[in-house]
Amino acid sequence: SKHQLTRSDTVFALGGGVTGDLTGFAASVYLRGVRWVQLPTTLLAAVDASVGGKTAIDLPEGKNLIGTFYQPHAVLCDTNAFETLPKSVFSDGCAEIVKYGMPCDSALFDSLPCGLQKIEDIVARCVEIKRDIVCGDEFDRGSRQLLNFGHTIGHAIELLSNYTIPHGNAVAIGMVIITEAAMRAGICSEKCADSLVRLVKKLGLPVHCPYNAEQLFEASLRDKKRAGDTLTIVVPESVGRCSLKNVSLEEWKKLLCLACSSQTD
Ligand code: GLY
């Protein structure tokens, strides 16, 4: 109100995912909604957080627990901004590119790792995939949940680490764990799981989980995708193909135990 913002004004979110999520949330509720524009400056925000209209803030109980679906008027991305990112922040964003490749596009998966020269094409491809999925399922009731690959465990890891493990790093571990579980359950091949682990390592991202199955289970109960006693998880079948699986909490616990036991092998 200090700036006397009215419904004819526009709010600009210049920054990474947190800036975008917070600005978008404020824009969606202030005056019951003012126009907003996303200007992502990190790789993670460019390929994922800035597209699709999810806005959110965290609660002490869990990540992104309060939020809205509120589409930005436009997203403007200058990939030159990535040249200013520390290497670790760039790698963190690469995890979100893998999460598009594994469920949707094996060619994208195979094009990684990539340098800054190719990054514009990669960002464009990720945004294209996300646009198509969001156009078919804006409110996350079905296929959009594929973009949650690695995220149920990832969000649990972030929560358990008190948000000291960055989002992309947590998602990387989450993708590895669920893929190893899928391999052990005979859903994907050993070759598929190996390709993922090799890529995640090459990208400078972690593959080992600092928490056990029990801790992950407890933390994952706060996942937004939980509906009563079931949870929708994204299970890899091959590179470029994942499916959504509705599991009971009991099955979920078993899967986590299976996955965590393979981590200690
Ligand atoms: N970050 C996943 C989605 O927007 O659905």
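This text goes with the structure placed above it.
Residues numbered from 1 in each chain as written. Predicted model: local features only at pLDDT ≥ 70, side-chain atom pairs only at ≥ 80, totals over all residues. Heavy atoms only, no water.

A. Broad picture of the pattern of salt bridges. With the rule as written, the count across this model stands at ten salt bridges. The salt bridge partner of Lys-99 is Glu-96, with a shortest N-O separation of 2.9 Å. Of this pair, Lys-99 and Glu-96 are both found in helix α3 (residues 87-104), three residues apart, which corresponds to roughly one turn of the helix. An identical accessibility class is assigned to Lys-99 and Glu-96; each is buried. The salt bridge involving Glu-237 is made with Arg-241; its shortest N-O contact spans 2.7 Å. On the accessibility criterion, Glu-237 (26% relative accessible area) is partly exposed. Within the structure, one salt-bridge network assembled from shared partners comprises Asp-48, Glu-96, Lys-99 and Lys-130. (Salt bridge = Lys/Arg side-chain N within 4 Å of Asp/Glu carboxyl O. Helix = DSSP H or I, 4+ residues; strand = E, 2+ residues; numbered from the N terminus. Buried < 20%, exposed > 50% of the residue type's maximum accessible area, 1.4 Å probe, protein only.)

B. Main features of the packing of aromatic side chains. Throughout the structure, instances matching the rule amount to one aromatic pair. With a centroid separation of 5.2 Å and 90° between ring planes, the pair formed by Phe-69 and Phe-139 is classed as edge-to-face. Note that Phe-69 is positioned in strand β4 (residues 62-69) and Phe-139 in the loop between α5 (119-136) and α6 (151-160), a separation of 70 residues in sequence. On the accessibility criterion, Phe-69 (34% relative accessible area) is partly exposed. On the accessibility criterion, Phe-139 (40% relative accessible area) is partly exposed. (Phe/Tyr/Trp six-rings, centres within 6.5 Å; stacked < 30°, edge-to-face > 60°.)

C. Representation of the pairing of strand β2 (residues 35-40) in the model. β2 sits mainly inside the fold: five of its six residues count as buried. Pairing geometry for strand β1 (residues 10-15) and β2, over six bridges, is parallel. By the bridge assignment, Phe-12 is partnered in β2 with Val-37. Between the parallel elements β1 and β2, the chain passes through helix α1 (residues 17-29) in a crossover that is right-handed. Sheet topology note: the β2/strand β5 (residues 74-75) ladder contains two bridges and is parallel. Looking at the pairing, Val-37 lines up with Ala-74 of β5. (Pairing = 2+ DSSP bridges. Right-handed = clockwise from strand over helix to strand, strands pointing away.)

D. Quick peek at the sheet that holds strand β6 (residues 226-227). As summarised here, the arrangement of the three strands in space is β6-β7-β8, forming an open sheet in which the pairing is antiparallel. The open sheet has two free edges, formed respectively by β6 and β8 (241-248), since each of these has just one partner strand. Alignment of strand β7 (residues 230-238) against β8, held across eight bridges, turns out to be antiparallel. Along β8, the bridge assignment pairs Thr-232 with Asn-246.

E. Representation of the sheet that holds β2 within the structure. Strand order in the open sheet formed by three strands is β1-β2-β5, and the pairing between neighbours is parallel. Each end of this open sheet is capped by a strand with a single partner; those strands are β1 and β5. Against the sheet, α1 engages β1 and β2, with an angle of about 165° to β1. (Contact = heavy atoms within 4.5 Å. Axes fitted to C-alpha atoms, helices over the stretch in contact; angles between N-to-C directions.)

F. Representation of unusual backbone geometry in the model. Geometrically, the link from Leu-112 to Pro-113 is a cis peptide bond, its omega value of -5° lying close to zero. Positive phi, close to 55°, is recorded for Asn-64, a residue that is not glycine. Within the element layout of this structure, Asn-64 appears in strand β4. Relative accessible area serves as the criterion here: at 18%, Asn-64 is assigned to the buried category.

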